[in-house]
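# Fold and geometry: a report
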Amino acid sequence: MNTKLVIHPVDLQDQAGFLRFLDRYARQGYQASRIYRSFTLFRRTDAPPRAYSMRFDPDSPPLETFRGADKIPGLNNGAEIFPTPGEPVWQQDWAKNVAGHYTDFVPCNISAAISAAARRLALPLLLLLLLLAGDTLPLAGAGSADARSLLFLGIATLLCAAAMVAIEVLAYAVDTLHLRGLKQALETGIPYSTPPARYPLIRVKNFCVMFSMVPSLCLILVLLGYLW
């Protein structure tokens, strides 16, 4: 297989842990081609990187290349990842920079998280309202759904809303735990590392974040089917 999609077993807040994750696939002959919040795309290569590095410093100009290597695309939170060794100061300042600009690094705000879920549900809710008002709308199939179907669609919409809000709350909770760990690292001087017991939770969270749009898209397709 020339490409792989891998859900992150460790989050970006854990700099050393995430670099070990990338290095593990490099030893298998894969190089990261795009890195996102919850997953990474790898491609097979005959010359995988010998090391990766991560930089996050919003107070400094961004780097597009470093030591002849281009920044790996995908992230839009200011974090920069290169398929080459970095500077020691990048590791030394990691906890300070991330904790000090945390809302830039991740959307760690519960009201913003719920608002994001609501925006994703706007179209399904609009389609459901159109279906409920089908008798007064000039749509070919509008008004054809019976009461049982409308009840099913209403319940499905509520479940979809609950699932999307739950995913955002889960992501917020995990990001909050990371922030506490980063602040503790600043106090102790020990680099932040994800507790091993938290790895399963992070995998579940990243899986849910990656597929968070699926329930809404499925609901939209079903509602469009009823409308037309």
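Residues numbered from 1 in each chain as written. Predicted model: local features only at pLDDT ≥ 70, side-chain atom pairs only at ≥ 80, totals over all residues. Heavy atoms only, no water.

### Looking at the pairing of strand 3 (residues 39–44)
When strand 1 (residues 3–7) meets strand 3, the two strands line up antiparallel, connected through five bridges. What sits directly across from Ile7, in strand 3, is Phe39. Pairing analysis gives five bridges linking strand 2 (residues 30–35) to strand 3, with the strands arranged antiparallel. Paired with Tyr30 across the strands is Arg44, a residue of strand 3. (Pairing = 2+ DSSP bridges. Helix = DSSP H or I, 4+ residues; strand = E, 2+ residues; numbered from the N terminus.)

### Some points on the packing of aromatic side chains
Tallied over the entire structure, the rule returns 11 aromatic pairs. When the centroid spacing of 5.4 Å and the interplanar angle of 50° are considered together, the rings of Phe18 and Phe21 count as tilted. Of the two residues, Phe18 and Phe21 both sit in helix 1 (residues 15–26), three residues apart, roughly one turn of that helix. Of the two residues examined, Phe18 and Phe21, each falls in the buried class. A connected cluster of aromatic rings, assembled from ring pairs, spans Phe18, Phe21, Tyr25 and Phe42. (Phe/Tyr/Trp six-rings, centres within 6.5 Å; stacked < 30°, edge-to-face > 60°. Buried < 20%, exposed > 50% of the residue type's maximum accessible area, 1.4 Å probe, protein only.)

### Describing the environment of Thr3
Topologically, Thr3 is positioned in strand 1. When the C-alpha positions of Thr3 and Arg43 are compared, they lie 4.3 Å apart, and in sequence the two are 40 residues distant. Discounting residues that sit within four places of it in the chain, Thr3 has contacts with Phe42 and Arg43. (Contact = heavy atoms within 4.5 Å.)

### A closer look at the sheet that holds strand 1
Taken together, three strands build an open sheet; the order of strands is 1-3-2 and the sheet is antiparallel. In the strand order of this sheet, the two ends are held by strand 1 and strand 2, each with one partner. On average, each strand axis in the sheet is inclined to that of its neighbour by 30°, with strand direction left out of account. Lying on the sheet, helix 7 (residues 199–210) is in contact with strand 1 and strand 3; it crosses strand 1 at an angle near 115°. (Axes fitted to C-alpha atoms, helices over the stretch in contact; angles between N-to-C directions.)

### Side note on a nonpolar patch on the surface
A surface patch of nonpolar side chains, amounting to about 310 Å² of accessible area, comprises Leu151, Ile155 and Leu159. If you trace the backbone, Leu159 turns up in helix 6 (residues 147–188). Judged by relative accessible area, Leu159 falls into the exposed class, the value being 57%. (Patch = residues over 30% accessible without salt bridge, like charges linked within 9 Å, V, L, I, M, F, W, Y side chains within 5 Å. Areas by Shrake-Rupley, 256 points an atom, 1.4 Å probe, with all protein chains shown as cover. Salt bridge = Lys/Arg side-chain N within 4 Å of Asp/Glu carboxyl O.)

### Here we look at unusual backbone geometry
A positive phi angle, near 50°, is found at Arg67, a position not held by glycine. Here Arg67 lies in the loop between strand 5 (65–66) and strand 6 (69–70).

### With respect to the side chain of Glu80
Along the chain, the position of Glu80 falls in strand 7 (residues 80–82). Within the local environment of Glu80, its side chain forms a polar contact with the backbone nitrogen of Leu63, the two atoms lying 2.7 Å apart. When near neighbours in sequence (up to four residues on either side) are disregarded, Glu80 contacts Ser53, Met54, Arg55, Pro62, Leu63 and Lys71. (Polar contact = N/O pair within 3.5 Å; in protein donor to acceptor, adjacent residues only side chain to side chain.)

### What to know about the environment of Arg34
In this structure, Arg34 sits in strand 2. The exposure class assigned to Arg34 is partly exposed, which follows from its relative accessible area of 34%. Put simply, Arg34 and Leu75 are 41 residues apart on the chain and 8.1 Å apart in space, counted from C-alpha to C-alpha. When near neighbours in sequence (up to four residues on either side) are disregarded, Arg34 contacts Thr40, Leu41, Ile72, Pro73 and Gly74.

### Some thoughts on the pattern of salt bridges
Using the criterion set out here, one finds six salt bridges in the structure. As a salt-bridge pair, Asp11 and Lys205 come within 3.0 Å of each other at their nearest N and O atoms. Of this pair, Asp11 sits in the loop between strand 1 and helix 1 while Lys205 sits in helix 7, and the two are 194 residues apart along the sequence. Assigned by exposure class, Asp11 and Lys205 land together as buried. In this structure, the salt-bridge partner of Glu87 is Arg67, at a minimum N-O distance of 3.3 Å. One end of the pair, Glu87, is in the loop between strand 7 and helix 2 (88–92); the other, Arg67, is in the loop between strand 5 and strand 6, with 20 residues separating them in the sequence. Of the residues examined, Glu87 reaches a relative accessible area of 33% and is grouped as partly exposed.

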